[in-house]
Amino acid sequence: MKLRWSALLQWETLLVFLLVATFLMGSSIAESFLTGTNLSLATADLMEKGIMALGLTLVIIAGEIDLSVASVAGLSSAILGWLVDRGAPLGAAIAAALLAGALCGLFNGLLVARVGLPSLVVTLGTLALFRGLAFVVLGDRAVSEFPLGFTEFGFNNVPGTLIPWPAVVFTVLAVLAFLVLHRSWIGRQIYAIGNNAEAARFSGVDVDRIKIGLFVTSGMLAALAGVVFTARFASARPDNLLGFELDVVTAVLLGGVSIFGGRGTLIGVVLGLFLIGALRNSLGLADVGAEEQSIVIGTLLIVSVMGTNALRGMQERAARRRPAAPIEGGGRS
Amino acid sequence: MTKRIWLLAGVILVLALGLVACGDDDDESANTGGDQAAEDGGSSEPPNIAFLPKAINNPYFDVAAAGAEQAANDLGGEFKQVGPSEASAPEQVPFINTLTQQGVDAIAVSANDPNALVPALKRAMDSGVTVVTYDSDVAPEGRQLFINQATADAIAQVQVKLISEQIGSAGGEIAILSAASTATNQNAWIATMKEELKKPEYSKLKLVKIAYGDDDDQKSFQETNGLLQAYPNLKGIISPTTVGIAAAARALASKNSDVKLTGLGTPNQMREFVKNGTVESFALWDPGQLGELAYYAAAALVAGDIKGDPGETFTAGDLGEYTIEDDRSVVLGPPTEFTKENIDDFDF
Amino acid sequence: MPDSTATAPEPLDAPVLDRPRPRTARLLDVVGRVREVGIALALGLLVLVVAIQEPRFVRPGNIEEILLSVSILSIVAVGQTLVVLTRNIDLSVGSIVGVSAFVCADTMRGSPDLPIPLILILGILIGAGLGVVNGFLVTVGRVPAIVVTLGTLYIFRGVDFVIAEGDQVNAADVPDGFLDLATARVLGIPSLILFAVVIVAVASYGLRRWRSGRELYAIGSNPDAARLVGVPSGRLVFGAFVICGALAGLAGVLWAARFGTVDARAGSGLELAVVAAVVVGGVNIFGGSGTAYGAALGAILLGTIENALSILKLNPFWLQAIQGAVIIAAVTVDALITRRLQRALRKARRRA
């Protein structure tokens, strides 16, 4: 237990150091990096990815993966735009978009849990399928006429502060996710499933139901991210959030969540998320293009998996060296 | 083993960061003098103006940038061009924000969408950044001035006239190969073209399809092929975008097609096709002059020489004097027609 | 995954692969063969249905158009097949095509007198080099291929942008000899199609007849067993990624020749079309079965669908959705068949 805790702490501590280092690097690259307005803008840029990362964290800890999150977000944006363009009331359009996200998640979940397909391939397919559907819905067009309140929500800060409204949404969801993952019985079951799904099933955990539920959650959160993005850019396009899955997956894996499931913390993911946000923002201020920025993010993705692998290897070796310990109850957290 | 992997990972990460941070030094555009920090005092301070085109891999905008850079040299100001790799409005917004954060004096933007950029541009203006649009406008509340290359009427008229001349009196089906579906200037021109086509002298021409190439060479190439496949009786294509017309010309040439092509293109890109007969005539203005004019206009606003009100005048270096129209726009001039006869006179 | 701490046993003199293969694998092969026939049938049916609606569809010019448009895809799909056979995947192929396309086009622009075969070699080497990165990270770094190639998809694309610096190589800038790579005809057949045919043929032969080829199947069917028996899994998987990269690099040169105008975005999104072609073509995504000509058939089927959408004037935007749907459908079918086979075998064994 002691080694595992300190190992975990090692990872999050490392992230904090990296975050501080990134901030230092950022402020040396650009004087405007550490200003309030810039940090506020940078945070706003990050929130859609953050909302998606919350859902993805739960999915990956349970031992699966969802590569289709950005496509679900794009589809949700397209549906939202299509409905608003045809005169639907905003509330109904948003509800429809969220419902679409839930259905997409359900589709993923059924294929993974009921048919038993590997989530990797399923969500690779749905990444293409959902994005394709977004293009079918909106085609070449973009919708940019939205009610003022909607776009102001996406664009503005809470009056009197520098906190973007989407950040409020993210914070609420993040707290919820933390409570679910770390303080509830569902969370314990998620970890159990990620560690050993068969054993969990034998202990009476309804693995299939939970997995489906996690995919539906991931889909709805992705749809919400699509709605927020549409509000922030006042633009519904089928290629919205294209390629965002890179940052979302990297944030989760960088945050210490193991690609094989069963371990990771939400705090780590939030740290990883802001690390990516700070990197992109400071590089952007140095006039580094988005595609070039992705070189760093892609490298981080690979390195973080190598890192968590190495950590796991170290812990396994340490565990083997120790004399046999009494069987511990409950899952690791 | 573990240590080696960590070391390797660390090296890769450092290399990646280094590559990215240094790789960008090469595309930072020339600082044409005028140290921002040094100078002070009102209108004599050289302006720092950034251009944000629809997308950066576009030769048309590169020519405009060269013109703007020339103007910057003449004024002793600074110039740089940044932009997304895809012609999409949500991808332009982060650049607007970054430029605002970097504290530029003015932004000149060619918009992919009339509405989507307005909130970010308004925020820029609130922060004291001068905003002008060039080539493709936004809704008027999002900018102080619009530098227009030619009136929509003139642009539409010349293209419809050229395609009609090339097809001949028998008329036939025509299609338009446009850029992005939301591009303000494209839609303005297409709307005027549709009006133009209603005139009695064009009654034999029938517009069957508008295809969108997104100012992407490959997509434009494929869309042209798609048009040829889907409409076997097609007689002519109008492509009011330099990327589109170049790709369409290649597609037509590779199929030895008889379909006529006209639109807006740069002489350098179209020279080979005009000489080998694929395209008989097309039109454009000098994008370099457009860029130059935009820079001068923005600089004049920054210096306080003009406020952007209708009727005001300003001088744009060797381009002469320009007057602001009622809709707060400045028009460069009428478009030029290019044919086999005059195409060698131009180099852009 | 347990560390293989023991050294691999001496490979036996009569290689295990020459012995009769286990029932499951042979049955899957039969299924795979049935799958390829199935694809061919589906293709035939599709062509028939569309041709009735629009006879222009089956004109020789249009058929050639379809084959031309899938030639490049087929070449990349062959490389992807090698990787997928070993139970891995390479999502970075689109970016490799992009890097190769731009660098080769740029080189041609700067040195127009360079002999064409040299440019082909350059493209192949670039692709192979990038494939080395993938292979290394998967085999030595022990990072799952999906993570590695998702990362390198973006890393390589970013490198492409750094190299290109917003530049674009125009068709007018490169010598005609280079563009001829794509348009020249040999015996009346466009050279691009010939390239694809040769590569598919060589790959199909190699997978069937060469020992390394058959060992790829073994690695995908049962990685642990393969390792225990002495199959050099690490080296073979590494090699698969290198060859996949090399073929993508070759495809990049051909891409530049075909489209003429190349910027840093060339090849974006190609990886999804390639994976779709491969799984539709009967290559099992879980590894262990499938053929190169199956992948090529899959590419042709997808290309035919795209052409049909265009010629029937249907909404072309269905294409990507269809790609996603076929990936899911093919994988579902594969899984159900495999499961049914295993259940049948288990029952048979119990009765025996």
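Residues numbered from 1 in each chain as written. Chains lettered and ligands numbered in written order. Predicted model: local features only at pLDDT ≥ 70, side-chain atom pairs only at ≥ 80, totals over all residues. Heavy atoms only, no water.

Here's the deal with the overall build of chain A
- When helices and strands are counted, chain A shows 13 helices and 0 strands.
- In chain A, the succession of helices and strands from N to C terminus is α-α-α-α-α-α-α-α-α-α-α-α-α.
- For chain A, the C-alpha radius of gyration of 20 Å lies close to 20 Å, the compact-globule estimate for 333 residues.
- If you line up chain A on its principal axes, its C-alpha atoms span 65 × 50 × 35 Å. (Helix = DSSP H or I, 4+ residues; strand = E, 2+ residues; numbered from the N terminus. Rg over C-alpha atoms; globule rule 2.2 N^0.38 Å.)

Details of the overall build of chain B
- Of regular secondary structure, chain B possesses 10 helices and 14 strands.
- Out of the 348 residues in chain B, the part that is buried amounts to 58%.
- In chain B, the share of contacts with a sequence separation of at least 24, taken over all contacts with a separation of at least 6, comes to 69%.
- Carbon and sulfur atoms make up 49% of the accessible area of chain B, which totals about 13300 Å². (Buried < 20%, exposed > 50% of the residue type's maximum accessible area, 1.4 Å probe, protein only. Contact = heavy atoms within 4.5 Å. Areas by Shrake-Rupley, 256 points an atom, 1.4 Å probe, with all protein chains shown as cover.)

Let's talk about the side chain of aspartate 216 of chain B
- With respect to the helices, strands and loops of the structure, aspartate 216 of chain B is situated in the loop between strand E7 (205-212) and helix H7 (217-230).
- One polar contact links the side chain of aspartate 216 of chain B to the main-chain amide nitrogen of glutamine 218 of chain B, over a distance of 2.9 Å.
- Filtering out sequence-adjacent residues up to four positions away, aspartate 216 of chain B remains in contact with Val243 of chain B together with Arg265 of chain C. (Polar contact = N/O pair within 3.5 Å; in protein donor to acceptor, adjacent residues only side chain to side chain.)

Side note on the confidence of the model for chain A
- Scored by pLDDT, chain A comes out at a mean of 90, with 94% of its residues at no less than 70.
- In the predicted structure, residues 329-333 of chain A sits below a pLDDT of 50 and forms 7 contacts with residues beyond four places in sequence or in another chain. (pLDDT = per-residue confidence, 0-100.)

Focus on the packing of aromatic side chains
- In total, this model carries 21 aromatic pairs over all chains according to the counting rule given.
- Taken together, a centroid distance of 5.1 Å and an interplanar angle of 80 degrees make the contact between tyrosine 60 of chain B and phenylalanine 61 of chain B edge-to-face. Each member of the pair tyrosine 60 of chain B and phenylalanine 61 of chain B is classed as buried.
- Cluster of aromatic residues (ring-pair linked, three or more members): Phe51, Tyr60, Phe61, Phe79, Tyr134, Trp189, Trp285 and Tyr295 of chain B.
- Over the aromatic face of phenylalanine 244 of chain A sits the side chain of lysine 49 of chain A, whose NZ or CZ is 4.9 Å from the ring centroid.
- The ring centre of phenylalanine 259 of chain C lies 5.4 Å from the NZ or CZ of arginine 258 of chain C, which sits over that ring. (Phe/Tyr/Trp six-rings, centres within 6.5 Å; stacked < 30°, edge-to-face > 60°. Lys NZ or Arg CZ within 6 Å of the ring centre and 35° of its normal.)

So, the sheet that holds strand E4 (residues 130-134) of chain B
Residues and elements named next belong to chain B.
- Overall, parallel pairing links the 6 strands, which are arranged E2-E1-E3-E4-E5-E13 in an open sheet. Each of the sheet's edge strands pairs with one partner strand only, and the pair in question is strand E2 (78-81) and strand E13 (329-331). Adjacent strand axes in the sheet meet at a mean angle of 20 degrees, parallel and antiparallel pairs treated alike.
- Note that strand E5 (residues 145-148) and E13 share 3 bridges and pair parallel. Within E13, the position partnered with phenylalanine 146 by the bridge is serine 329.
- In this fold helix H10 (residues 287-303) packs onto strand E1 (48-52), E2, strand E3 (106-109), E4, E5 and E13, with an angle of close to 160 degrees to the strand it touches most, E5. (Pairing = 2+ DSSP bridges. Axes fitted to C-alpha atoms, helices over the stretch in contact; angles between N-to-C directions.)

Some points on helix H3 (residues 89-102) of chain B
Residues and elements named next belong to chain B.
- Given a rise of 1.5 Å per residue, 14 residues ought to cover 20 Å, and the 20 Å separating the end C-alpha atoms of H3 matches this to within 8%.
- Turning to H3, its buried residues are Ala89, Pro90, Gln92, Val93, Ile96, Asn97, Thr98, Leu99, Thr100 and Gln101.
- The positive-phi residue at the C-terminal boundary of H3 is glycine 103, with phi of around 75 degrees. (Expected span 1.5 Å × (residues − 1).)

Overview of the packing of helix H6 (residues 176-183) of chain C against helix H10 (residues 233-259) of chain C
All names here are of chain C.
- Contact pair H6 / H10: the axes reach a minimum separation of 7 Å and the direction vectors enclose 100 degrees. It follows from the interaxial angle that H6 and H10 lie roughly perpendicular. Taking contact as the criterion, the partners of Phe178, Leu179, Leu181 and Ala182 in H6 are, on H10, Val253, Leu254, Ala256, Ala257 and Arg258.
- Residue composition of the contact of H6 with H10, by class: 8 nonpolar, no polar and 1 charged. (Parallel < 35°, antiparallel > 145°, perpendicular 65-115°, else oblique. Nonpolar A, V, L, I, M, F, W, Y, C, P; charged D, E, K, R; others polar.)

Re a nonpolar patch on the surface
- Taken together, the side chains of Ile163, Trp165, Val168, Val172 and Leu176 of chain A define a hydrophobic patch exposed on the protein surface, amounting to about 410 Å² of accessible area.
- Structurally, isoleucine 163 of chain A is set in the loop between helix H6 (148-155) and helix H7 (165-183). (Patch = residues over 30% accessible without salt bridge, like charges linked within 9 Å, V, L, I, M, F, W, Y side chains within 5 Å. Salt bridge = Lys/Arg side-chain N within 4 Å of Asp/Glu carboxyl O.)

Quick word on the sheet that holds strand E8 (residues 234-239) of chain B
Residues and elements named next belong to chain B.
- Read across the sheet, 4 strands follow the order E7-E6-E8-E9 without closing on themselves; strand pairing throughout is parallel. Here the strands that pair on one side only, and so sit at the sheet edges, are E7 and strand E9 (260-263). The mean angle between the axes of side-by-side strands here comes to 25 degrees, regardless of whether they run parallel or antiparallel.
- The strands that helix H5 (residues 152-167) touches are strand E6 (172-178), E7, E8 and E9; relative to E9, the one it contacts most, it runs at about 165 degrees.

Considering the state of the cysteines
- Here the structure, examined in full by the defined rule, presents 0 disulfides over all chains.
- No disulfide involves cysteine 244 of chain C; its nearest neighbouring cysteine sulfur is the one of cysteine 104 of chain C, lying 17 Å away. (Disulfide = S-S within 2.5 Å.)

Focus: the domain arrangement of chain B
Residues and elements named next belong to chain B.
- For chain B, the assigned domains read domain 1 (48-149 + 287-333) and domain 2 (152-284).
- At the interface, 14 residues of domain 1 touch 14 residues of domain 2.
- Summed over both partners, the interface of domain 1 with domain 2 comes to about 1000 Å²; 51% of that surface belongs to carbon and sulfur atoms.
- At the junction of domain 1 with domain 2, the criterion picks out 0 salt bridges.
- Run the count over domain 1 and domain 2 and you get 6 residue pairs in polar contact (both at pLDDT 80 or more).
- Across the side of domain 1 that touches domain 2, the residue classes break down as 6 nonpolar, 4 polar and 4 charged. (Domains from an automatic or database assignment. Buried area = accessible area lost by both parts, 1.4 Å probe.)

A look at H10 of chain C
Residue and element names in this part refer to chain C.
- Under the 1.5 Å per step criterion, the end-to-end length of H10 is 38 Å for 27 residues, consistent within 8% with the ideal 39 Å.
- Of all the 27 residues making up H10, 21 are buried; the element is thus mostly covered by neighbouring parts of the structure.
- Two residues or fewer past H10, glycine 260 is found with a positive phi of approximately 75 degrees.

Brief notes about the interface of chain B and chain C
- Facing 27 residues of chain B, the contacting portion of chain C comprises 23 residues.
- On the chain B side of the contact with chain C, Asn57, Gln218 and Gln229 of chain B bury the most area, a combined 28% of that side's loss.
- Put simply, chain B and chain C have 3 salt bridges between them.
- A salt bridge links glutamate 65 of chain C to lysine 255 of chain B; its shortest N-O distance comes to 3.1 Å.
- Counting every contact that joins chain B to chain C gives 7 residue pairs in polar contact (both at pLDDT 80 or more).

Thoughts on unusual backbone geometry
All names here are of chain B.
- The phi torsion at aspartate 135 lies on the positive side, around 70 degrees, for a residue other than glycine.
- Relative to the helices and strands, aspartate 135 is located in the loop between E4 and E5.
- Phi angles above zero are rare outside glycine, and asparagine 256 is one such case at about 50 degrees.
- Within the element layout of this structure, asparagine 256 appears in the loop between helix H8 (242-254) and E9.

Remarks on the interface of chain A and chain C
- Contacts between chain A and chain C engage 41 residues on the former and 36 residues on the latter.
- Both sides of the chain A and chain C interface together cover about 3200 Å² of buried area, and 82% of this is carbon and sulfur.
- Connecting chain A to chain C are 3 residue pairs in polar contact (both at pLDDT 80 or more).
- Counting residues per element, the ones that place at least two in the side of chain A that touches chain C are helix H4 (90-114), helix H5 (119-138), helix H11 (245-254) and helix H13 (290-321) of chain A.

Examining the nonpolar core
- In this structure, Met52 of chain A, Leu117 of chain B together with Phe178 of chain C are the most contacted members of the largest nonpolar core, which totals 231 residues.
- Residue contributions to this core peak at 15 residues, all from H10 of chain C.
- Leaving out residues up to four positions away in the same chain, methionine 52 of chain A has contacts with Val69, Ala70, Ala73, Ala222, Ala225, Leu241, Phe244 and Val248 of chain A.
- In terms of nonpolar packing, the next biggest core, distinct from the first, is built from 81 residues, Ile147, Ala294, Ala299 and Ile343 of chain B among them. (Core = buried A, V, L, I, M, F, W, Y, C linked by side-chain atoms within 4.5 Å.)

Description of the pairing of E4 of chain B
All names here are of chain B.
- The element E4 is extensively covered by neighbouring structure, given that 5 of its 5 residues are classed as buried.
- Across the two faces of E4 the burial is the same, with Thr130, Val132 and Tyr134 and Val131 and Thr133 all buried.
- Pairing analysis gives 4 bridges linking E3 to E4, with the strands arranged parallel. Bridge pairing in E4 links alanine 106 to threonine 130.
- Note that the unit made of E3, helix H4 (residues 118-126) and E4 has a crossover that is right-handed.
- Here E4 runs beside E5; their pairing, made up of 3 bridges, is parallel. From the neighbouring strand, threonine 133 faces E5, where its bridge partner is phenylalanine 146. (Right-handed = clockwise from strand over helix to strand, strands pointing away.)

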